[in-house]
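Observations on the three-dimensional arrangement
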Number of protein chains: 2
Amino acid sequence: MPQTNPGQLWKVGELAGRTGLTVRTLHHYDAIGLLSPSGRTGSAHGSGHRLYTAADVARLQQVLSLKALGFSLEQVSEYLSRGDYDPRQVVRLHLERVRAQAAELREITARLTALADALDRQEVVSADEFLNTIEGMTMLDKYYTPEQLEQIKARGEQVGEERIREVEAEWPRLMAAVQAEMDAGTDPADPKVQAFAHKWVSLVNEFTGGDPGITASLRKMYETEDRIHTMDVKAMRPMFEYMNKAFAAAGIKLPGA
Amino acid sequence: MPQTNPGQLWKVGELAGRTGLTVRTLHHYDAIGLLSPSGRTGSAHGSGHRLYTAADVARLQQVLSLKALGFSLEQVSEYLSRGDYDPRQVVRLHLERVRAQAAELREITARLTALADALDRQEVVSADEFLNTIEGMTMLDKYYTPEQLEQIKARGEQVGEERIREVEAEWPRLMAAVQAEMDAGTDPADPKVQAFAHKWVSLVNEFTGGDPGITASLRKMYETEDRIHTMDVKAMRPMFEYMNKAFAAAGIKLPGA
DNA sequence: CTTGAACCTCACGTTACGTCAGGCCGTACC
DNA sequence: GGTACGGCCTGACGTAACGTGAGGTTCAAG
């Protein structure tokens, strides 16, 4: 049976099954030297089965994020072989892209909804309405120009870098303070706790960008998963419930609720 | 100069510019008989310039919606040549698809956010986190299976058809009632108007599915455009403002606000 | 009547895989 | 310890949806 330990290895089929990619795709990435598995099975002379490590999986993620940004596979290769690249930045760029796409999907939804409505009423639909709809659709699968990429990159470095550190530094402080009130048996409706509640949502919003859908998804993740990387979510659940009471008392609603 | 009248005609370049497609793409669609322009210029012997009519534009929208659903161009041709198809249904299917994609984008955003966070903290990121992220990404550009399409289709016919008529029948009634109160000079905070306000948001929510982003986009559309197909939005604006006051008085917030 | 931009028709090139074909590996079972 | 069979291997050719010229034509403005 396949292992589940750290130091885990995946065979192509396993990796394909887990990721939703096809075996052929992984073969292809290997063939062009974009992502070659770190290991192979036995193999005295013949060629053994591909074995992918966790590091390979991490690289795969980078590859796919860059591809999602509109890079060709060749460009992805180049990018990843230049030593001066930052995986975090790739993720951030992809994130930015995904957010933009979400906005475009909303636009398209509005257009399509209007169109469906008009068609349902048997009205004469103006060509402009069709054209606007089409325009929205085509925008969706347009990629960034190099200039746009640079711009996003710059913004990410500028705002992101330092502000992220700041926000991150605030979380432990806030959580320690809340824990203290919990231990002291303070009522969630107490003004002190209310102040913490407001601080809490502002930090959450800074993290999510205030997007209700993202907030909801994130909340679901924290509710259903017991650990998120090294964070023991399960142990934090009492605090979440405490804060939910505080939110209720303060009349605060998170964007996703 | 290019016309702007009804009965308008577009040349390839114009249509391409307006839609975001390329000229080559339109040529291609013509070459394979998927979308051939209804007209051509002059042309005694040589081949004149392509002239697209409003009907061609409408067909183009259908083509692109079907393509967005994952059909190959050949399948689109087939689909559109079968006489028994319904343009409204195509739009509805596309709408459904777009909604699903939006949900997947939210999932991806949550994953990427978690990943960015983990990377920023220099923590050891588990392979699972990468794998989940990758899985989300690959799901996004997977198309529906025929069975799924059938299922959506069935649901759309069943729920959609009749309920849409109902909702549509309610709007004119509601708007007439509101207009009457406006004419009578009734205060927006008046209980009668408040009841209308609640009815109003429930109809809007039924239309948007309660999605805040979509509601916001739709609102923007109604604020920036003076007419939407045959509807004189401009003339309705006083009523919108009246209702906004009513919302404020009732403490109602639309999901997008 | 000319001129430049936009259009026309071939026709071959490209990307990112899909899809066989024919053979090898590995592990579960007897 | 043999064997069976699902999964893996390496070629190698196929494909969808255009991209990208080449070389000639059309049209609206001046």
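Up top you'll find the structure we're talking about.
Residues numbered from 1 in each chain as written. Chains lettered and ligands numbered in written order. Predicted model: local features only at pLDDT ≥ 70, side-chain atom pairs only at ≥ 80, totals over all residues. Heavy atoms only, no water.

Let's talk about the overall build of chain A
Counting its secondary structure elements, chain A contains 10 helices and five strands. Sequence-distant contacts, at least 24 apart, represent 61% of the contacts inside chain A between residues at least 6 apart. As displayed, chain A has an accessible area near 13,300 Å², and 54% of this comes from carbon and sulfur atoms. (Helix = DSSP H or I, 4+ residues; strand = E, 2+ residues; numbered from the N terminus. Contact = heavy atoms within 4.5 Å. Areas by Shrake-Rupley, 256 points an atom, 1.4 Å probe, with all protein chains shown as cover.)

Side note on the protein's contact with DNA strand D
If you check the shell around DNA strand D, you find 24 residues, and the closest are A:His27, A:Arg50, B:Arg24, B:Tyr29 and B:Thr41. Backbone atoms, meaning sugar and phosphate, make up 75% of the atoms of DNA strand D lying within 4 Å of the protein. Take A:His27: an N or O atom from its side chain is 2.7 Å from a phosphate oxygen of DNA strand D. B:Arg24 places a side-chain nitrogen or oxygen 2.9 Å from a base oxygen of DNA strand D. (Near = heavy atom within 4 Å. Polar contact = N/O pair within 3.5 Å; in protein donor to acceptor, adjacent residues only side chain to side chain.)

What about the protein's contact with DNA strand C?
Neighbouring residues of DNA strand C: 24 residues in total, closest A:Tyr29, A:Thr41, B:Gly13, B:His27 and B:Arg50. Of all atoms in DNA strand C that approach within 4 Å of the protein, 75% are sugar or phosphate atoms. Between a phosphate oxygen of DNA strand C and a main-chain N or O atom of A:Leu73, the distance comes to 3.3 Å. Mapped by element, the contributors of at least two residues to the surface near DNA strand C are helix 2 (23-31) of chain A together with helix 1 (12-19) and helix 2 (23-31) of chain B. Tallied by class, the residues present in the surface near DNA strand C amount to three nonpolar, 14 polar and seven charged. (Nonpolar A, V, L, I, M, F, W, Y, C, P; charged D, E, K, R; others polar.)

Some words on helix 1 of chain B
Buried within helix 1 of chain B are the following residues: B:Val12, B:Leu15, B:Ala16 and B:Thr19. Relative to the axis of helix 1 of chain B, the buried residues are bounded by an arc of 100° and lie together on one face. (Buried < 20%, exposed > 50% of the residue type's maximum accessible area, 1.4 Å probe, protein only. Arc of directions from axis to C-beta.)

Observations concerning the pattern of salt bridges
Within this structure, the stated rule accounts for 16 salt bridges over all chains. Of the charged contacts in the structure, one is a salt bridge between B:Asp120 and A:Arg88, with a shortest N-O distance of 3.2 Å. One end of the pair, B:Asp120, is in helix 5 (residues 87-120); the other, A:Arg88, is in helix 5 (residues 87-120), on a second chain. This pair shows no difference in class: B:Asp120 is buried, exactly as A:Arg88 is. Ionic pairing is found between B:Arg111 and B:Glu107, a salt bridge with its closest N-O pair at 3.5 Å. Here the residue B:Arg111 and the residue B:Glu107 both occupy positions in helix 5, the gap between them amounting to four residues, near one helical turn. When salt bridges that share partners are traced, they join A:Asp86, A:Arg88, A:Arg92 and B:Asp120 into one network. (Salt bridge = Lys/Arg side-chain N within 4 Å of Asp/Glu carboxyl O.)

A look at the nonpolar core
Among soluble globular proteins, nonpolar side chains are generally buried collectively. Counting 86 residues, the largest nonpolar core has A:Leu60 and B:Leu60 as the members making the most contacts within it. Leaving out residues up to four positions away in the same chain, A:Leu60 has contacts with A:Leu15, A:Thr19, A:Leu21, A:Leu26, A:Tyr29, A:Leu35 and B:Ile134. (Core = buried A, V, L, I, M, F, W, Y, C linked by side-chain atoms within 4.5 Å.)

Thoughts on helix 5 of chain A
Residues and elements named next belong to chain A. Relative to the 50 Å expected for 34 residues at 1.5 Å per residue, helix 5 spans 48 Å between its end C-alpha atoms, a close match to the ideal helical length. Across the 34 residues that make up helix 5, a large majority, 26, are buried. For helix 5, the N-terminal capping position is held by Asp86, with its side-chain oxygen 2.9 Å away from the main-chain nitrogen of Arg88. (Expected span 1.5 Å × (residues − 1).)

Focus: the environment of A:Ala249
All names here are of chain A. The residue Ala249 is located in helix 10 (residues 233-250) in this model. Separated by 55 residues in sequence, Ala249 and Gln194 place their C-alpha atoms 7.9 Å apart. Here Ala249 is in contact with Ala189 and Gln194, once residues within four sequence places are set aside.

A short note on the relation of the copies chain A and chain B
Between the two copies, chain A and chain B, the superposition gives an RMSD of 0.2 Å; the rotation angle is 180° and the shift along the axis is 0.1 Å. Between the two chains, the operation in question is that of a two-fold axis. When each C-alpha of chain A is compared by its distance to the rotation axis, A:Ala102 comes out closest, at 2.9 Å. Mapped onto chain B, 99% of the interface residues of chain A again fall at the interface, so both copies present the same surface. (Least-squares fit on C-alpha atoms with pLDDT ≥ 70 in both.)

Concerning the sheet that holds strand 3 (residues 50-52) of chain A
Residues and elements named next belong to chain A. Taken together, the three strands give an open sheet; going across it, the order is 1-3-2, and neighbouring strands pair in antiparallel fashion. Edge strands, defined here as strands with exactly one partner in the open sheet, are strand 1 (10-11) and strand 2 (39-40). Direction of pairing for strand 1 relative to strand 3: antiparallel, over a ladder of two bridges. In the sheet register, Trp10 faces strand 3, and the bridge partner there is Tyr52. (Pairing = 2+ DSSP bridges.)

Let's talk about the packing of helix 1 (residues 12-19) of chain A against helix 2 of chain A
Residue and element names in this part refer to chain A. The interhelical angle for the contact between helix 1 and helix 2, taken along N-to-C directions, is 115°, at an axis separation of 8 Å. Note that helix 1 runs across helix 2; the crossing there is right-handed. Contacts between helix 1 and helix 2 involve Val12, Gly13, Leu15 and Ala16 on the former and, on the latter, Val23, Leu26 and His27. (Axes fitted to C-alpha atoms, helices over the stretch in contact; angles between N-to-C directions. Left-handed = near helix turned anticlockwise from the far one by under 90°.)

A closer look at the interface of chain A and chain B
Contact with chain A, which involves 68 residues of that partner, is made by 68 residues of chain B. Together chain A and chain B conceal approximately 6,200 Å² of surface at their shared face, both sides included; 68% is due to carbon and sulfur atoms. For the interface between chain A and chain B, the tally reads six salt bridges. A salt bridge links A:Asp128 to B:Arg18; its shortest N-O distance comes to 2.8 Å. Applying the counting rule to chain A against chain B returns 12 residue pairs in polar contact (both at pLDDT 80 or more). When contributions to the side of chain A that touches chain B are tallied by element, the ones reaching two or more residues are helix 1, helix 3 (54-68), helix 5, helix 6 (127-140), helix 7 (146-183) and helix 9 (212-224) of chain A. Considering every element that reaches the side of chain A that touches chain B, the biggest residue donor is helix 5 of chain A, with 26 residues. (Buried area = accessible area lost by both parts, 1.4 Å probe.)

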